[in-house]
Amino acid sequence: MKQTKLLSAVIGLACLSSTSAFADVSSRIINGEQAATDSWPFMTALVFKDIDAYNGQFCGASYIGKRYVLTASHCVDAMSGKDFDVVIGTSNLASTEAESHRYSVKNIYMHADYNRIRLNNDIAILELTEEPQEKQVSLVDRFTRTNLQNGQTLTVMGWGDQDASDRYASNSNLFQVNVPLVDQAICQAAGDNNSNYGFIGDDAFCAGFPAGGKDSCQGDSGGPIILETNGSYEQLGIVSWGDGCAQANAYGVYTNISHFESWIADKTKGFSYRENEYLGMRTPGELTHTFEFANYSDQVITVSNVTPLKGAVIVNNGCNNIAVGETCQIQVTKEINLIGKDPFGVQINTDLAGSEVVTSNVNVIGARELNQNAASLINIPNSEILSTEAWRVEGSEIVSPSLSHAQIARVSIQGIPRGTVSLDLNVSTEQNYDYMLIFVNGQLEYSKSGTGSDTAQLRLVRETGNSIMIAYAKDENGIGGQDKIKFSNLKYTNEVVISKSSGTQVAKSGGGGGSFGWHWLLMLVGVGLLRKRH
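Reading guide: rules and limits
- In this numbering scheme, every chain counts its residues from 1 along its sequence in written order.
- Local features in a predicted model are, by the rule used here, given only for residues with pLDDT of at least 70; side-chain atom pairs are given and counted only at 80 or more, and totals for whole chains, interfaces and linings are based on all residues.
- Each side-chain value is derived from all of the structure's non-hydrogen atoms; neither hydrogens nor water enter the calculation.
- The aromatic pairing rule takes the rings of Phe, Tyr and Trp, using the six-membered ring of Trp, and pairs them if the centres are within 6.5 Å, calling planes under 30 degrees apart stacked, those over 60 edge-to-face and the rest tilted.
- Secondary structure elements are taken from DSSP: a helix is a run of H or I of four residues or more, a strand is a run of E of two residues or more, and numbering for both begins at the N terminus.
- When accessible area is computed with a 1.4 Å probe and restricted to protein chains, residues below 20% of their type maximum are described as buried, those above 50% as exposed, and intermediate ones as partly exposed.
- To define a nonpolar core, start from buried Ala, Val, Leu, Ile, Met, Phe, Trp, Tyr and Cys residues and group those joined through side-chain atoms within 4.5 Å.
- When a carboxyl oxygen of Asp or Glu is within 4 Å of a side-chain nitrogen of Lys or Arg, the pair counts as a salt bridge.
- On a range of 0 to 100, pLDDT expresses the predictor's confidence in each residue.
- Throughout, a residue-residue contact means that at least one pair of heavy atoms, one from each residue, lies within 4.5 Å.
- Buriedness for pockets is judged along seven lines, at least five of which must meet protein on both sides within 12 Å for an open set on the 1 Å grid over protein atoms alone, while cavities are sets there where a 1.4 Å probe fits but cannot get out, and lining residues have an atom within 4 Å of a point.
- Grid points are joined across faces, edges and corners, and a volume is the space filled by probe spheres set on the points.
- Here the nonpolar group is Ala, Val, Leu, Ile, Met, Phe, Trp, Tyr, Cys and Pro; Asp, Glu, Lys and Arg are the charged ones; every other residue, Gly included, is treated as polar.
- Note on pairing: two strands pair once DSSP finds at least 2 bridges between them.

Chemist: I'd like a rundown of the packing of aromatic side chains, residues and numbers included.
Modeler: All told, the structure shown has 12 aromatic pairs when counted by the stated rule. Here Phe205 and Tyr254 contribute two aromatic rings whose centre-to-centre distance is 5.8 Å and whose plane-to-plane angle is 20 degrees, an arrangement assigned as stacked. Placement of Phe205 in strand β11 (residues 204–207) and of Tyr254 in strand β14 (residues 252–256) is noted, with a sequence separation of 49 residues between them. Between Trp391 and Phe487 the ring centres are 5.9 Å apart and the planes differ by 70 degrees, which places this aromatic pair in the edge-to-face class. Residue Trp391 is located in the loop between β26 (384–387) and β27 (392–394), and its partner Phe487 is located in strand β35 (residues 484–493); the two are separated by 96 residues in the primary sequence. With respect to class, Trp391 is no different from Phe487; both count as buried.

Put into structure tokens, the structure is as follows:
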């Protein structure tokens, strides 16, 4: 949650290692207390794949029953189920028992109206590969939420940052803090003129003290805020965002769960599919892709009206009647002709209430092989190197091409094995408007604007098939510096070290407890919108 500084959107991207972009989505427990062991058995940690639970934790969540976990969309935006696991019902993430409560993620369902800039509708459901034998949390209904009094004491919890300053300090043990519910009008009037509180609607609420002091913060995002009634507990909200952590007149903002009663019910009925998949860069030509659907409901599901989208062609439709516990597949081909974004998908109808119309999308960026002069300077292990433009070479450095306003140049190194890649960077751009961005497996891991040099350390946690995309994104007007970026001296090691205590923990990309995906590139092209807010 926290630190939204929404107005400084792209400015936040410039220092991604310590401040999140757009709505500041950091969150941690400030001035709370350690939770009693196993006092919150539904409490869930999102943990990077193949990393121990404590060092790999990057967001919170809650187990809501069957195969489903509830969290914030900003925590899992642009991520794949193969990137992370969940750990349910363990207070101490460094304990040996944490691994026995660890489960794999199959699919991610983000709300269709999630707004990446203002963090409206910041809610997502994770579908696990199996049904855990863990205790679930009950969710507050609309009647209870509507009749709550302002000032009602709520409890928020997490494993996030416990220092409201710029120094990150976390603990392997779960912490909690009590904060009061804030009147909605006061919530909407919080912050300064550049804050996003004024855009809060019925989908969210505030909790905290006018003077600050107690709050959730970086790393707590996606976790629950709980209401106690007569000794029983229900989840009222999800840690979403806030302007800083525990600051005066800057309350914590929480997704209002009761507002999404119907949506949650629909997404947890048992129809399983992948809403969005990012395939990275591909060269022009025919691409074959298989969409899979599964039935974990209590009825046979009939599929009808299978419609290919955006140039896809169905070559095999194996979906008709899906028995309980069974899967089906639809295979399509798509001719990749464009250099740049070239999405496609399928839409189907079912007779399962709440899933009458289902769309599964694939995102691809059409690209060419990087020119040989530049490719010869990239000597780390890979399967291919692609680009959307012709990058240049100056000495031992690979240099971005000359771009017009609102253009993006990309180069992608694909098929990298698990390990760590370092590279030297040199940026000379218009401060706060033009950006060098580096994505690892589709997630934004580094950003720099203005003028300066740096060395980036990129940790690749998948066993195979990792990708690094380096991009230069220009806004709609203005120039600055030499109007180019450079990178060089790429080195690879097969070791991956991620440690919160040593400062190499990368789970909170953007400093905000969540992730920022490749689609930020598309948003940055429209930076003219951000200029108008100054």
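Still more ground to cover, so stick around.
Chemist: Could you give me a rundown of the nonpolar core, with the residues and numbers involved?
Modeler: Core analysis: the biggest nonpolar cluster contains 88 residues, and Leu46, Val76, Phe84, Leu126, Ile264, Phe271 and Phe293 have the highest contact counts within it. Within the second largest apolar cluster, 30 residues are counted, among which are Ala409, Ala456, Ile485 and Phe487.

Chemist: Provide a residue-level description of the pattern of salt bridges, including the pertinent values.
Modeler: Scanning the model with the defined rule gives 17 salt bridges in all. What emerges from the salt-bridge pattern is a single network uniting Arg392, Glu394, Glu397, Lys484 and Lys486.

Chemist: Which residues make up the environment of Cys59, and what values go with them?
Modeler: Inspection of the secondary structure puts Cys59 in strand β3 (residues 57–65). Between the C-alpha atoms of Cys59 and Trp159, which are 100 residues apart in sequence, the distance is 8.1 Å.

Chemist: Which residues make up unusual backbone geometry, and what are the values?
Modeler: Located in the positive-phi region is Asn432, a residue other than glycine, with phi close to 75 degrees. For Asn432, the location among the structural elements is in the loop between β30 (419–428) and β31 (435–440).

Chemist: Account for the confidence of the model for the protein chain, naming residues and giving values.
Modeler: Here the protein chain shows a mean pLDDT of 86. Residues at 70 or above account for 86%. Segment residues 524–534 is flagged for pLDDT under 50; beyond a separation of four residues in sequence, or across chains, it makes 32 contacts in the model.

Chemist: Can you break down the layout of surface pockets residue by residue, with the values?
Modeler: In this structure, the largest pocket spans a volume of roughly 1300 Å³. In terms of lining, the largest pocket is formed by 50 residues, of which the most central are Glu275, Asn276, Glu277, Tyr278 and Asn363. Of all elements in the fold, only β6 (102–110), α6 (261–267), β15 (271–273), β16 (276–282), β24 (357–366), β29 (408–416), β34 (466–473) and α8 (520–524) reach the threshold of two or more residues within the lining of the largest pocket. Broken down by element, the residue count for the lining of the largest pocket peaks at 6 residues, all from β16. Residues belonging to the lining of the largest pocket are distributed by class as follows: 17 nonpolar, 19 polar and 14 charged.

Chemist: Give me the pairing of strand β7 (residues 124–128): which residues, what numbers.
Modeler: Where a strand is regular, its side chains alternate between the two sheet faces. Of all 5 residues making up β7, 5 are buried, and the element is well covered by its neighbours. Burial along β7 is two-sided: the face carrying Ala124, Leu126 and Leu128 and the face carrying Ile125 and Glu127 are both buried. Here strand β4 (residues 68–71) runs beside β7; their pairing, made up of 4 bridges, is antiparallel. Bridged to Tyr68 within β7 is Glu127. As paired elements, β6 and β7 share 5 bridges and run antiparallel to each other.

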